[in-house]
Each structure stands twice: as structure tokens, then as C-alpha cells.
Amino acid sequence: MLLDLAARRRVLFCGGKGGVGKTSIASATALARARAGRRVLVVSTDPAHNLGHLWQRTVGDDVVRLAEGVPAHDDGTPAGYLDGVEVDPERTTAAHLTAVRATLRRLMPEHLGGEVDRHLDLARDAPGMHEAAVLERVADLVEVGLTRYDLVVFDTAPSGHTARLLSLPETMGAWTDGLLRRRDRSERFGAAAQMLGGRGEAEAGRDAEIRSVLTRRRDRFALLREVLTDPARSAFVAVLAAERLPVLETVELVAQLEKLQVPVGGLVVNKRSPAGAGPLLDARRATEAEHLATLGDRLGHLPLDEVPLLPDDLVGPEALARLATYL
Ligand SMILES: Nc1ncnc2c1ncn2[C@@H]1O[C@H](COP(=O)(O)OP(=O)(O)O)[C@@H](O)[C@H]1O
Ligand SMILES: [Mg+2]
């Protein structure tokens, strides 16, 4: 299911609890598409990153090449490739604040510079700041993905966090819209004041600049929201174990996503106990079947992949390629 879905979408989100196999499933899917000749980017937004571990190399906040496609085209250009990046919330927040600081400093009267600095130093640790910064980065990577890649696979943070993140574009868009409306009023007032000789050119120019900064930001969130809710371009895939709590949480997550109009493409039940592998695993398998029945009752309309518990550690491209055979 998942590989077919990946072939028909531009952006995939893999979400679920920590340890269920999000990074493995996201990487296996991304690698399979790269090997099918596509340009693919895998992005980890989970603060507990493990892309690097899986690929046995350092992956950081800058995009790195994880795999070249095989075979190469005749003219020497690689057939497909896989790039990866782990979004670092600290660095993303710092970069975000630096950009905001530069803008504000340019836009505010000079004597308020110290005020701007104090305000932003406090903002660094304000609730929601990391999320807002990470979201801005996600929006950016979606934009980059749509122009430079055929597919972007997001390996996201655990469920609750992701749903909140996905609801943010709307909140941020509304917030920016509110600011823009206030600027509208103050610009009208400003134009009137200018006619009466009360305002300089510089102030009018500053208004226009603030407006353009806010508009760019709003457009970026609008694009993210548009892509996230477009079933032709993107899908969310919930990864879970066939256990009681994960099943209940997945039902909840899917309801939340549907409320946000984010299309859910399917479910991946990972680490399923194999049949005929001794009494312990047989018993586990029977228990899992009960939980899967609950899942079927509630989310039977969604396509589902089952991936067995595999004997070896999933590390490196060959292990991921084997994992992909179940998707
Ligand atoms: N089907 C599987 N069989 C065996 N081990 C698996 C399977 N899927 C994932 N794992 C292992 O489980 C651990 C957690 O997987 P990972 O993809 O890092 O989860 P997450 O990103 O959701 O935290 C890793 O050690 C991984 O190798
Ligand atoms: Mg992970």
C-alpha cells in the first residue's frame, strides 16, 4: 500500500508513537522511490532523531545525500537519489529569531533596538516558539520539495505533537491575517496623515515593507495548509504497533487529522509477531489480532500494511530495502 501511495503523492507524513518504526518506515519508503528513479527527500522533525543512526552516518540540519539511485542514466546523471535532513529545533529557532530580529531592527525606530533584543531573548523560550519555528521550516521544506524533489517524506514527532503542528498553519495564517488587517487600517490612516503633511516617505516605505514581510509569511503558511489538505498531493500515514494503547491513540489521531482535513492515506502496523514461531509469539499474535480487530472496526476504511517483526537490526540500505518489500 505505502509504496503505491508514495508513487502517487508529492508529500507524505509518517507519524506515530516513539519506537513504533516511523523512521524505518519513512526511510524504507523514501529509498524505494529513489531506487525507482525519483528525487526524494526524507525529513525528520522528531526531536528524538534517529535518521543518522539508521543510515550509519551523520545527518544534521543541512541536507545530505543518503543514497544514489541505481542504475544511473546513460548520460551520467543519477537516476534517482535520496537526500535527508534532521530539523534541529534549537538551530531552527535561533535562525528564525535572527531573521525576525533583523527585520524588526530594520523596521523599528533605532532607539527601540534594545527593546527588540530584550523581547526576542525572552521569546526564545516562550511556549510554542519551537513549534512555530519548526513549522516555518516544514513550510520551507515543502516548498523546496515541490520544486526540487519528486517526493518528500516527513518522519514526524509522536502523534499529539504532530497533530498540533499540523493545525498550526491555520492558526499562524489567521494571526498574520489579523496583523495585516491592522496594517490596512493604519496604512489608510497613514495615507491620510501623509496628505496632511504629517508623515514622511520613510514611514510609508516601512509600512510597505512590514506588509510584504507579513504577506510572504502568510503565503507560505497558506501554501503549507493547501498542500497538507490536498489529497492529490499529500497524505498522512499512521505507523503503529498492534497493541491496545497505540490502537486507541491511532483512532484518536485519525479523528484529529480528519477534523483538520488532512487526508489520511493509510496505516502501517509494524513489528507484527510472526505465526508459527513458538508458543510465546503465537500467543502474542493472537492478542495482536484482537487489537487489530478493534482497529478494523474503527478504521476499516483505511488501507493497511502489516510488517512483521524482523530478526535483525534495521540499519543500512539493504535492511531498508527488505523492509520495503512489505509496504
Ligand atoms: N519490523 C521491524 N522489525 C524489527 N525491528 C524493527 C522493525 N521496525 C523497526 N524496528 C526497530 O525498532 C526500533 C525503532 O524503530 P524506529 O524506526 O527508529 O522508530 P521511531 O522512529 O518510530 O522511533 C529500531 O531499533 C528499529 O530498527
Ligand atoms: Mg524516529
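Keep in mind the model is a prediction, meaning the values are calculated, not measured.

**Comments concerning the coordination of the magnesium ion (ligand 2)**
The protein atoms donating to the magnesium ion (ligand 2) are T23 (OG1) and N50 (OD1), with metal-donor distances spanning 2.0 to 2.5 Å. Highlighted residues: T23 in helix α2 (residues 22–35) and N50 in the loop between β2 (39–44) and α3 (51–55), separated in sequence by 27 residues. A relative accessible area of 32% means that N50 is categorised as partly exposed.

**Quick notes on the nonpolar core**
Core analysis: the biggest nonpolar cluster contains 39 residues, and V43, F154, L267 and L295 have the highest contact counts within it. Sequence-distant contacts of V43, defined by excluding residues within four places in its chain, comprise V85, V87, L141, V152, V153, F154 and D155. By size, the runner-up hydrophobic cluster in this structure holds 34 residues, among which are A26, A67, A235 and V239.

**Focus on the side chain of S234**
Considering the arrangement of structural elements, one finds S234 in strand β6 (residues 234–241). Side-chain polar atoms of S234 contact the backbone oxygen of V227, separated by 2.5 Å. When sequence neighbours within four positions are dropped, the list of residues in contact with S234 reads R9, V11, V227, L228, T229 and P263.

**Notes on the site of ligand 1**
Close to ligand 1 lie 16 residues; G19, K22, T23, S24 and N50 are nearest. A distance of 2.3 Å is found between an oxygen atom of ligand 1 and a side-chain nitrogen or oxygen belonging to N50. Taken atom by atom, the bulk of ligand 1 overlaps the second largest pocket. Contributing elements (two or more residues each) for the shell around ligand 1: α2, β7 (264–272) and β8 (304–308). Ranked by residue count, the leading element in the shell around ligand 1 is α2, at three residues. Partitioning the shell around ligand 1 into residue classes produces six nonpolar, seven polar and three charged.

**Focus: the sheet that holds strand β5 (residues 151–155)**
Pairing in this open sheet of eight strands is mixed, and the strands run β3-β4-β2-β5-β1-β6-β7-β8 from one edge to the other. Each edge of the open sheet carries a strand with a single partner, namely β3 (64–68) and β8. Neighbouring strand axes in the sheet, compared pairwise and without regard to direction, differ in orientation by 20 degrees on average. Here β7 pairs with β8 via four bridges, running parallel. Bridge pairing in β8 places L267 opposite L304. The strands that helix α6 (residues 129–148) touches are β1 (11–15), β2, β4 (81–86) and β5; relative to β5, the one it contacts most, it runs at about 155 degrees. Contacts from helix α10 (residues 279–299) reach β6, β7 and β8, with the element oriented near 175 degrees to β7.

**Regarding the pattern of salt bridges**
Within this structure, the stated rule accounts for 20 salt bridges. Residue K17 is joined to E249 by a salt bridge in which the shortest nitrogen-to-oxygen separation is 3.2 Å. One end of the pair, K17, is in the loop between β1 and α2; the other, E249, is in helix α9 (residues 244–259), and 232 residues separate them in sequence. A salt bridge links R220 to E143, with the nearest nitrogen and oxygen atoms 3.7 Å apart.

**Concerning the environment of L248**
In this structure, L248 sits in helix α9. A residue is classified by how much of its surface remains accessible, and L248, at 39% relative accessible area, is partly exposed. With 46 residues separating them in the primary sequence, L248 and T294 have C-alpha atoms 8.6 Å apart.

**Considering the packing of aromatic side chains**
For the structure shown, the criterion picks out two aromatic pairs. For the ring pair F13 and F154, a centre distance of 4.7 Å and an interplane angle of 10 degrees mean the geometry is stacked. Within this pair, whereas F13 is found in strand β1, its partner F154 is found in strand β5, the two being separated by 141 residues in sequence. Residues Y81 and Y149 carry aromatic rings whose centres are separated by 6.4 Å and whose planes lie at 75 degrees to one another, so their mutual orientation is edge-to-face. Here Y81, found in strand β4, pairs with Y149, found in the loop between α6 and β5; they are 68 residues apart in sequence, far enough to count as distant. Across the pair, Y149 and Y81 agree in class, each one buried.

Criteria and thresholds
Residues numbered from 1 in each chain as written. Chains lettered and ligands numbered in written order. Predicted model: local features only at pLDDT ≥ 70, side-chain atom pairs only at ≥ 80, totals over all residues. Heavy atoms only, no water. Donors = N, O, S within 2.8 Å, 3.2 Å for Na, K, Ca; no water. Helix = DSSP H or I, 4+ residues; strand = E, 2+ residues; numbered from the N terminus. Buried < 20%, exposed > 50% of the residue type's maximum accessible area, 1.4 Å probe, protein only. Core = buried A, V, L, I, M, F, W, Y, C linked by side-chain atoms within 4.5 Å. Contact = heavy atoms within 4.5 Å. Polar contact = N/O pair within 3.5 Å; in protein donor to acceptor, adjacent residues only side chain to side chain. Near = heavy atom within 4 Å. 1 Å grid on protein atoms, 1.4 Å probe; cavity = no way out; pocket = protein on both sides within 12 Å on 5 of 7 lines; lining within 4 Å. Sits in = over half its atoms within 2 Å of the grid points. Nonpolar A, V, L, I, M, F, W, Y, C, P; charged D, E, K, R; others polar. Pairing = 2+ DSSP bridges. Axes fitted to C-alpha atoms, helices over the stretch in contact; angles between N-to-C directions. Salt bridge = Lys/Arg side-chain N within 4 Å of Asp/Glu carboxyl O. Phe/Tyr/Trp six-rings, centres within 6.5 Å; stacked < 30°, edge-to-face > 60°.

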